[in-house]
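Next come the chains, spelled out residue by residue.
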There are 8 protein chains.
Amino acid sequence: MRPERLKNLLERFQRGELSIPEVLDQLARAPFEDIGFARVDHHRALRQGYPEVVYCPGKSSDQIAEICARLAAAGDGLLATRAEPEVRRRLAAEHPRAEVNDLARTVYLPPAEPIEIAVRGAVLVVTAGTSDLPVAEEAAVAARAMGNPVRRLDDVGVAGIHRVLSERAELADAAVVIVVAGMEAALASVVGGLVSVPVVAVPTSVGYGASFSGLAALLGLLNSCAPGVTVVNIDNGYGAAAAATRINRLT
Amino acid sequence: MRPERLKNLLERFQRGELSIPEVLDQLARAPFEDIGFARVDHHRALRQGYPEVVYCPGKSSDQIAEICARLAAAGDGLLATRAEPEVRRRLAAEHPRAEVNDLARTVYLPPAEPIEIAVRGAVLVVTAGTSDLPVAEEAAVAARAMGNPVRRLDDVGVAGIHRVLSERAELADAAVVIVVAGMEAALASVVGGLVSVPVVAVPTSVGYGASFSGLAALLGLLNSCAPGVTVVNIDNGYGAAAAATRINRLT
Amino acid sequence: MRPERLKNLLERFQRGELSIPEVLDQLARAPFEDIGFARVDHHRALRQGYPEVVYCPGKSSDQIAEICARLAAAGDGLLATRAEPEVRRRLAAEHPRAEVNDLARTVYLPPAEPIEIAVRGAVLVVTAGTSDLPVAEEAAVAARAMGNPVRRLDDVGVAGIHRVLSERAELADAAVVIVVAGMEAALASVVGGLVSVPVVAVPTSVGYGASFSGLAALLGLLNSCAPGVTVVNIDNGYGAAAAATRINRLT
Amino acid sequence: MRPERLKNLLERFQRGELSIPEVLDQLARAPFEDIGFARVDHHRALRQGYPEVVYCPGKSSDQIAEICARLAAAGDGLLATRAEPEVRRRLAAEHPRAEVNDLARTVYLPPAEPIEIAVRGAVLVVTAGTSDLPVAEEAAVAARAMGNPVRRLDDVGVAGIHRVLSERAELADAAVVIVVAGMEAALASVVGGLVSVPVVAVPTSVGYGASFSGLAALLGLLNSCAPGVTVVNIDNGYGAAAAATRINRLT
Amino acid sequence: MRPERLKNLLERFQRGELSIPEVLDQLARAPFEDIGFARVDHHRALRQGYPEVVYCPGKSSDQIAEICARLAAAGDGLLATRAEPEVRRRLAAEHPRAEVNDLARTVYLPPAEPIEIAVRGAVLVVTAGTSDLPVAEEAAVAARAMGNPVRRLDDVGVAGIHRVLSERAELADAAVVIVVAGMEAALASVVGGLVSVPVVAVPTSVGYGASFSGLAALLGLLNSCAPGVTVVNIDNGYGAAAAATRINRLT
Amino acid sequence: MRPERLKNLLERFQRGELSIPEVLDQLARAPFEDIGFARVDHHRALRQGYPEVVYCPGKSSDQIAEICARLAAAGDGLLATRAEPEVRRRLAAEHPRAEVNDLARTVYLPPAEPIEIAVRGAVLVVTAGTSDLPVAEEAAVAARAMGNPVRRLDDVGVAGIHRVLSERAELADAAVVIVVAGMEAALASVVGGLVSVPVVAVPTSVGYGASFSGLAALLGLLNSCAPGVTVVNIDNGYGAAAAATRINRLT
Amino acid sequence: MRPERLKNLLERFQRGELSIPEVLDQLARAPFEDIGFARVDHHRALRQGYPEVVYCPGKSSDQIAEICARLAAAGDGLLATRAEPEVRRRLAAEHPRAEVNDLARTVYLPPAEPIEIAVRGAVLVVTAGTSDLPVAEEAAVAARAMGNPVRRLDDVGVAGIHRVLSERAELADAAVVIVVAGMEAALASVVGGLVSVPVVAVPTSVGYGASFSGLAALLGLLNSCAPGVTVVNIDNGYGAAAAATRINRLT
Amino acid sequence: MRPERLKNLLERFQRGELSIPEVLDQLARAPFEDIGFARVDHHRALRQGYPEVVYCPGKSSDQIAEICARLAAAGDGLLATRAEPEVRRRLAAEHPRAEVNDLARTVYLPPAEPIEIAVRGAVLVVTAGTSDLPVAEEAAVAARAMGNPVRRLDDVGVAGIHRVLSERAELADAAVVIVVAGMEAALASVVGGLVSVPVVAVPTSVGYGASFSGLAALLGLLNSCAPGVTVVNIDNGYGAAAAATRINRLT
């Protein structure tokens, strides 16, 4: 339960708009709600400042729907990632306010009351090539859901170095840069050398055989010659957004 | 050349303390000085805000000494990492102001004028076990050299979960947390769940056979269930410090 | 053939309820029955104390059905694991007493007479996240089939450390704990530190790209900083149940 | 602090043999003593029932000596593993009661008062070949230190299957079997099929090139066709002993 | 072109049954026939003593059919391996004499005149489990096509060591033993210790996650503690048959 | 925009056939056209001398079609690689002049005016086996699109060494040899020893289990005992063609 | 105990040259002698037809000496492999009849009475390059110790294909060919295509970085396009000799 | 024997300066000289146009000296690579004309008569960092020995992108570029995008833990987003030089 919502709950109780049992019912769900196969975390918003994220792979359609229903009922908002098309359709049907993004494979339900978090500036999501777009889109959707302004810079891989060099101003202006790159992922080293702001790199599984599903990009990023570039898991756009949010928030 | 130093140079020129050739000689070294086997980067301080770092492995003792001499001559300061004992002794002898740290395997020569960078707060370096100390010490030395206040929390691995739980206040108080952990590196997931500040994780090569020289810790950290934990290379304390500095600096 | 059944066979013969040829026919199947493509092991129950387990992958539907028919005919009971939906349907049709579990992908046919084995206590199956449920369910089904009381604790991964800490009593009360975890599998280290009973860990193939189909979890568990945690194969819920049974049985 | 010792402490206080400050001094060390680079865990004996284990690699000789001094001062006993020859010599000199085992690379200091733990039976340590002895010896030393009776069966690899078959009675008589094997580690599968007691397997790094420092043995054990064999890290004799102790203790 | 056929060709020419152009046409195909996308090797039978083998994966259905047509036209016989169901159906339709084996995924067209090669004895194909059968069947089909008598011994994995021990006479009687085993493939070490005849081992891709598609079995076999066990590629039943044929032939 | 086309544009403007706005419109697209999800590089032809190549995996059908439309509109020509059947059909329909190659999975649209580049000689594409043909065909199509004469030599793997030895003249006559080989890829070492011209090797993912999707071939080629053999990514026929073009062009 | 020696023992007893206790003492050692840390196998010669082989790595100098003393005392002969220089010196001093080979790192003590085994023909050991010699020499020494005539063919790698082609007669004349090759190990494929006798391949750890200590050669050999080539462990010359002996013996 | 030398030999014979036996003795060494453990290739110069290269690892000091003596005696010249310090000293002493390079670890003995080969232009060797120098130096020494003019460009890694951009003219002017880079090796992608001449990339083993001894750089280069970059083995400077020579020679 987000702090605003908690405050609002107490105020409504003070004004007599809610009965004691109604308040208790809301609070009883904290800190997490055990629904048998999952413990729905209603305090995520409180602890981390953004809605709970439901990672769909390995969960059945019914499990996902049930978890989302509980989160929605608590008014916390939610973000479902890596949702298969049928899951996206089902959640869209069950939550009319939800925003579906087919490229990112996400369903985002904003919280009942908008999150307002003070941040340093914009998160800039940069891609090396068009094939990296689904991961970048996931990062962008998640970063927005977590309260960050988001900007984009696409298809600026280093084989045509003029593409990224012509965007130096854009890069320097960001509070955090997320670099999404497959193949050898050289873009992060060039960007890391051009800017002194934090750079979070996401290797993608894009590439010919010896990319080994993103291993080449992952190792490339971990060995970046630009000091201070940090790395998240392969294709993990959401993770990069979470890291960017930790960095971008003013406490 | 650091901005302060550049300003100071111009002021001394204005006051007639330096001749035009003397100013030119200082500026001529920019942006990098080609000494045959290396291009000494005198603008690193300008671009990144901290002294040039000399990574010693693969360089001969003479090459390291030569590069350091050029950096010292420019008054920029320098940090030599992964320096073998004989290199540490040589640099200590040639640069009496240098600070040698045997555990961290570093030699640090502060710049002629102290760096003063506005930062968010302290960088907290946390270790899972005593065997992770050399990497943690490299991170701490580097973070201090880059202008961050540094605090430490050692030997709080999760097998005794009370050790880390009893330090929640310390963790929450940091601007950035660097978690240094070998074996399965579970500590980062627990810390990442306890705090909402940025967490930079360094896998170490500590462990029995199937740690495969840090691969287990590396994969563990990349797959951390705590969202937003970012990772640098195995045993790369310096890289973690550089990342923390990008995050911690106020621009 | 289970000991009880053997004793029962001889008693029925003693009482004249069975003829010599009938007894011989039953006994003739021991120690294993060669059906061409397989040797059906009718002494598994005798040797190990629980029904034969049929691992379905790589076997044709007809082969599985034939093996199960032989085992059922001997009254030993059987457990089919990793059964595809059509195999589950076929076995359910051919063995009306069989219990099908779609999440676990198992078909369990209890032996003609119930197994009664003296055990230390309950086997507690713990999962880090909802996506680990299929493997945990396989472990639970198998552990029950092998004569253990089974309890469950789901979705208590360490990113929200309060979830597992609030269940310390439940953990301490188990005779054996099976920890089922994907991603970095840090849960086993925390659980291993909290309890002194045996902990059997099952890595799962749940996770983003660099989990490499469970390799990250496997390495994480092998390198657990909690001493005495043992590991079975990736996604091998059945193997964990077999290990727990070896531990839990009183001889 | 072990329970017996705690009880003894209180009794001595009751009898007037200890002053209040003396008692407090003893208790103040709990739950762990922060000595800067390490948190010495004086409650390990209380929580796990056996002395603290000091894993030496990655720690300096001085650090090891300091940690051991603190543990010895508290009367808890200690076991140092993977100790280099010079560390073994130093600890032997500083702790005259300590037992040094050069093959196992261990130093064992028994606690001030002997541990008496009720156990199921003997731990049987089995090796495939003579080259596996150092790991087996570490397991045996550790298992004894943790209060288990230990028996040995050496050089019974499956290439001469008669060697292990002739020891069936010995195997069947154990409460827990630890199988230590390098190369393809087939021994664990044969032993696992012969007995129904718990089998903990330790892969060793013994073998020709494609053993890849124990990877072959590790994978072999994880894929054992004998159900319920569990695995610990490569060459981790101590870990196997800790697992056997969890299994063997009667609570 | 097989020697017998060559001799027959010349005899028919001698008897006037063939014209010079007809003989030339037959011989012209040697040593290989270039059909654009492939060089059909009509001398394989001459060089190696058995029909050409067509490995189907990566070839289109039309390419396979064309190659087989050429081989059949030359009367050499052929063996198609890893043939998909539709390829098997097509080849069966186009070559009525062909023998299709669905389990082995092979189509075998015997040569116009039977091969008669002097051999040492029988090739014995042994499997550890039922899931290894497809690979074993490929080995058996290929070994027969190459002129070896073939015997079988199935499902004798070492978890029930009595299964293989009870077949010692059968093992000792073979001229060559092919061991087909997945998981940890321990069977080859036991068999290699029981017999002194050549043992060719085939790892299979059968197993849970950490079998890594047969890597565990492959490494296990390469590290077999039974000296003189040799290994072929994962799931390569045909390769094992070819190796057995080299060994079994009397020259 | 290719140099010829640029010259033609200016000449047409000189002759009054184009207005200033028309010229500007053409030039405005340079150096790349930002279409949101991609930066279409109209200067590739200028910089590299051959049409832009669109790597299809990871791009949606609509994205591919849009990028191709822009490139076609500029008259530059294009080569789409790894195009799925439906993408090939769509591009064929939208670009009637395009040449579709189903084996190579390519769609090639020649530039408005033919490229004429001076080259050293012919590029010879050699395959080890029929299963390597798709990759070889991609290399051949790409090499032709880049202005090279191309010759072919198929199915000359070293198991029948006479096949490659009988083509020595053909090999020696090439300006560049591209060797396409899977399995152990030994062909490149033999070819590299036979000729002194440049050899570019492409490992393919053809082979039994332990080829690990081309890893075996890749490592084999990198370790070729014939000095000066260079390697591109697994199955990367296009990359080999690009390398051959760099080598073959006369500047 | 070798059969000849057993017969001789009984004959000497028959002739009254040995007392009953003396015969019993000799026989009592069978089937293996338990010397604490090892079970010395005195029946190896009986079962396998050649002396026991002592693999030295991981064994202490004293253990090796003790095992060898027992074997020598029984008159069986022995072969110590991978012996360090000091072990070679010690064994040479303790067994004056022993033959030391520094290149092969072996010590061979012939049995008291020479082994005479009927074999098919000569074992031919072939190397690709001079750096492969130590492994080849181990294979040659071991093959001779096992009763095979041995011939050599060195430095015939395929980069100069004429080197191996000029030795076709030598190759064709062997009963078994052992190919020892590092780097990409292409030699085995060429040899396997040239001859129809059994080919046993030994990958060596010779090569630049991406040979990964012999992994490249190992994978290359497993994927050999010449059917029927079998493989042993990296650098395992002894294993190849044992395999060749299994093949070469006439039973 | 190099062509010039052969011609010279015949001319001297024609002029009566050499007797028939003297000519025969010279020619008899062709095509290779069998010196027991090696076949010294006196025709390498004839076939490849440059001196034989002796790769030292795995060869004894005596073997290396013997091979070099034979090559020197034939007047062919030689290049010894990866020579240990003592080998370098020995060869320098035995061949006073030899040029020793300690950084490159090479000994180069020029042929009796200088090689004069027509080439396209200069080979430019580029390094990312100072730690890459030993490999780059090996490449430079070898390229010169093979008759290429060589230029150098050092320490231009992409973290400071201005370093490489300021050298575009130098890059564009080369006939072949050899890029030597460790860590993530991003430099090759940037260089490959800047120039259209052939780029041969050498990964080096320089880097922190997750470089895995050059694997990260190797994968990075194989996945380079700049089309047509080719790759040789890790740290294989000599191989890159050989490839550059194949490309640079005019035939």
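Residues numbered from 1 in each chain as written. Chains lettered and ligands numbered in written order. Predicted model: local features only at pLDDT ≥ 70, side-chain atom pairs only at ≥ 80, totals over all residues. Heavy atoms only, no water.

### Things to note about the overall build of chain A
Note the cut-off: Secondary structure follows DSSP: runs of H or I at least 4 residues long count as helices, runs of E at least 2 residues long count as strands, and numbering of each begins at the N terminus. Per-residue accessibility, obtained with a 1.4 Å probe over protein chains only, is compared with the maximum for each type, and a residue is labelled buried under 20%, exposed over 50%, and partly exposed between these values. Contact criterion: two residues are considered in contact whenever any of their non-hydrogen atoms come within 4.5 Å of each other. Where accessible areas are quoted, they stem from the Shrake-Rupley method and a 1.4 Å probe; at the residue level, only the protein chains shown are allowed to cover.
Within chain A, the secondary structure is distributed over eleven helices and eleven strands. A buried classification covers 66% of the 251 residues belonging to chain A. A separation of at least 24 residues holds for 67% of the contacts in chain A among residues at least 6 apart in sequence. Of the accessible surface of chain A, which amounts to about 8100 Å², a share of 54% is contributed by carbon and sulfur atoms.

### Quick word on the sheet that holds strand β4 (residues 78–81) of chain A
All names here are of chain A. Inclusion rule: Strand pairing follows a simple DSSP-based rule, namely that at least 2 bridges must link the two strands. Here an angle of 0 to 180 degrees is reported between the N-to-C directions of two axes, which are lines fitted to C-alpha atoms, with helices fitted over the stretch in contact.
In space, the four strands of this open sheet follow the order β3-β4-β6-β5, with mixed pairing throughout. Edge positions in the sheet fall to β3 (52–55) and β5 (99–101), since each has one partner strand and no second. Neighbour to neighbour, the strand axes of the sheet diverge by 15° on average, direction disregarded. For β3 and β4, the ladder comprises four bridges, and the chain directions are parallel. Bridging across to β4, Y55 finds its partner in T81.

### Description of the side chain of F:D155
Within the secondary structure, F:D155 sits in the loop between β8 (150–153) and α7 (161–165). Apart from residues no more than four positions distant in its own chain, F:D155 is found in contact with E:F37, E:A38, E:R39, F:T127, F:A128, F:G129, F:T130 and F:R163.

### Some details on helix α4 (residues 61–73) of chain B
Residues and elements named next belong to chain B. Rules: How far a helix is expected to stretch is found by multiplying one less than its residue total by 1.5 Å.
Over its 13 residues, α4 runs 18 Å from end to end, which matches the ideal 18 Å to within 8%, given 1.5 Å per residue. Where α4 is concerned, the buried positions are Q63, I64, A65, I67, C68 and L71. Backbone geometry just downstream of α4 places G75 in the positive-phi region, at approximately 75°.

### What about the interface of chain F and chain G?
Test applied: Take the accessible area each of two parts loses on contact, using a 1.4 Å probe, and add the two losses: that sum is the buried area. For this analysis, a polar contact is any N or O atom pair within 3.5 Å, provided that within protein one partner can donate a hydrogen and the other can accept it, and provided that sequence-adjacent residues contribute only side-chain to side-chain pairs. Three residue categories are used. Nonpolar comprises Ala, Val, Leu, Ile, Met, Phe, Trp, Tyr, Cys and Pro, charged comprises Asp, Glu, Lys and Arg, and polar comprises the others, including Gly.
Contacts between chain F and chain G engage 24 residues on the former and 24 residues on the latter. In total, chain F and chain G occlude about 1900 Å² of area from one another, counting both sides; carbon and sulfur atoms represent 72% of this. Area buried by chain F at its contact with chain G is led by F:A159, F:E184 and F:N223, which between them contribute 31% of it. Viewed at the interface, chain G and chain F are joined by ten residue pairs in polar contact (both at pLDDT 80 or more). Secondary structure elements with two or more residues in the side of chain F that touches chain G: α7, α9 (187–194) and α10 (215–222) of chain F. Sort the elements by how many residues they give to the side of chain F that touches chain G and α10(F) lands first, with five residues. Partitioning the side of chain F that touches chain G into residue classes produces 17 nonpolar, six polar and one charged.

### Considerations on the sheet that holds strand β6 (residues 106–109) of chain F
Residue and element names in this part refer to chain F. Here we have four strands laid out as an open sheet, ordered β3-β4-β6-β5, and mixed in their pairing. Looking along the sheet, the strands with just one partner apiece sit at the ends: β3 (52–55) and β5 (99–101). Across the sheet, the mean angle from the axis of one strand to that of its neighbour is 15°, orientation sign disregarded. Relative to β6, strand β4 (residues 78–81) is paired through three bridges, and the arrangement is antiparallel. Directly across from A80, in β6, lies its bridge partner V107.

### A short note on the relation of the copies chain A and chain B
Here is the rule we go by: Alignment of the copies relies on least squares applied to C-alpha atoms, considering only residues that score at least 70 for pLDDT in both.
Mapping chain A onto chain B calls for a rotation angle of 180° and an axial translation of 0.0 Å; the resulting RMSD is 0.1 Å. Read as a symmetry element, the transformation amounts to a two-fold axis. Using C-alpha coordinates, one finds that chain A approaches the rotation axis most closely at A:V231, a distance of 2.5 Å. Interface residue correspondence from chain A to chain B reaches 100%, placing this contact among same-surface, isologous pairings.

### Looking at the interface of chain A and chain B
What counts is decided by this rule: The salt bridge definition used is simple: a Lys or Arg side-chain nitrogen within 4 Å of an Asp or Glu carboxyl oxygen.
On the chain B side, the residues contacting the 32 residues of chain A number 32 residues. Summed over both sides, the interface between chain A and chain B buries roughly 2400 Å², with carbon and sulfur atoms accounting for 49% of that surface. The largest per-residue losses of area from chain A upon contact with chain B belong to A:L222, A:P227 and A:R246, which jointly make up 29% of the total buried on that side. Taken together, the links from chain A to chain B amount to zero salt bridges. Summed over the shared surface of chain A and chain B, the result is 20 residue pairs in polar contact (both at pLDDT 80 or more). For the side of chain A that touches chain B, the elements supplying multiple residues, two or more each, are α3 (44–48), α9 (187–194), β10 (199–203), α10 (215–222), β11 (229–231) and α11 (237–248) of chain A. Among the residues making up the side of chain A that touches chain B, the classes are represented as 17 nonpolar, ten polar and five charged.

### Considering the environment of G:F212
Residue placement: G:F212 occurs in the loop between β10 (199–203) and α10 (215–222). Residues within four places of G:F212 in sequence aside, it is in contact with F:L219, H:L215 and H:I234.

### A word on the relation of the copies chain F and chain G
Each copy superposes on the other: chain F lies on chain G with an RMSD of 0.1 Å after a rotation of 180° and an axial shift of 0.0 Å. A share of 100% of interface residues in chain F that are also interface residues in chain G marks the association as one of identical surfaces.

### A short note on the pattern of salt bridges
Residue and element names in this part refer to chain A. Going through the model one piece at a time under the given rule, you end up with 84 salt bridges over all chains. Between E66 and R70 there is a salt bridge, and its shortest N-O distance comes to 2.8 Å. Note that E66 and R70 are positioned in helix α4 (residues 61–73) at a spacing of four residues, about one turn of the helix. By relative accessible area, which is 29% here, R70 ends up partly exposed. Among the charged side chains, a network of salt bridges with common partners joins D62, R90 and E94.

### With respect to the confidence of the model for chain A
The condition that has to hold: On a range of 0 to 100, pLDDT expresses the predictor's confidence in each residue.
For chain A, the mean per-residue pLDDT works out to 88, and 88% of the residues sit at or above 70. Overall fold confidence (pTM) sits at 0.90, and the ipTM for the predicted complex is 0.87.

### Comments concerning the packing of helix α6 (residues 133–145) of chain A against α11(A)
Residue and element names in this part refer to chain A. Counted only if it meets this: Note on terminology: angles under 35 degrees are roughly parallel, angles over 145 are roughly antiparallel, angles of 65 to 115 are roughly perpendicular, and the others are oblique. By definition, turning the near helix anticlockwise from the far helix through less than a right angle yields a left-handed crossing, and turning it clockwise yields a right-handed one.
With their axes 7 Å apart at the nearest point, α6 and α11 run at an angle of 40° to one another. Considering the angle they form, α6 stands oblique to α11. Of the two possible hands of crossing, α6 and α11 adopt the one that is right-handed. Contact residues: α6 offers V135, E138, A139, A142 and A143, while α11 offers G237, Y238 and A241. Tallied by class, the residues present in the contact of α6 with α11 amount to six nonpolar, one polar and one charged.

### Brief notes about the pairing of β3(A)
Rules: The definition of a right-handed crossover adopted here requires that, viewed with the strands pointing away, the path from the first strand over the helix to the second runs clockwise.
Residues of β3(A) alternate between two faces, with A:E52 and A:V54 on one and A:V53 and A:Y55 on the opposite face, all of them buried. Crossover handedness for the path β3(A) to α4(A) to β4(A): right-handed.

### Here's the deal with unusual backbone geometry
Phi at C:F212 is positive, roughly 45°, even though this residue is not glycine. Taking relative accessible area as the criterion, C:F212 reaches 23% and is therefore assigned partly exposed. With phi around 55°, G:R82 is a residue other than glycine that occupies positive phi space. Residue placement: G:R82 occurs in the loop between β4 (78–81) and α5 (85–94). According to the relative accessible area criterion, G:R82 is buried, its value standing at 14%.

### Quick look at the side chain of B:S189
With respect to the secondary-structure elements, B:S189 resides in helix α9 (residues 187–194). Given the relative accessible area of 1%, B:S189 is considered buried. Within the local environment of B:S189, its side chain forms a polar contact with the side chain of B:S224, the two groups lying 2.8 Å apart. The residues touching B:S189, leaving out its near neighbours within four places in the chain, are B:S224, B:C225, B:A226, C:V158, C:A159, C:E184 and C:A186.

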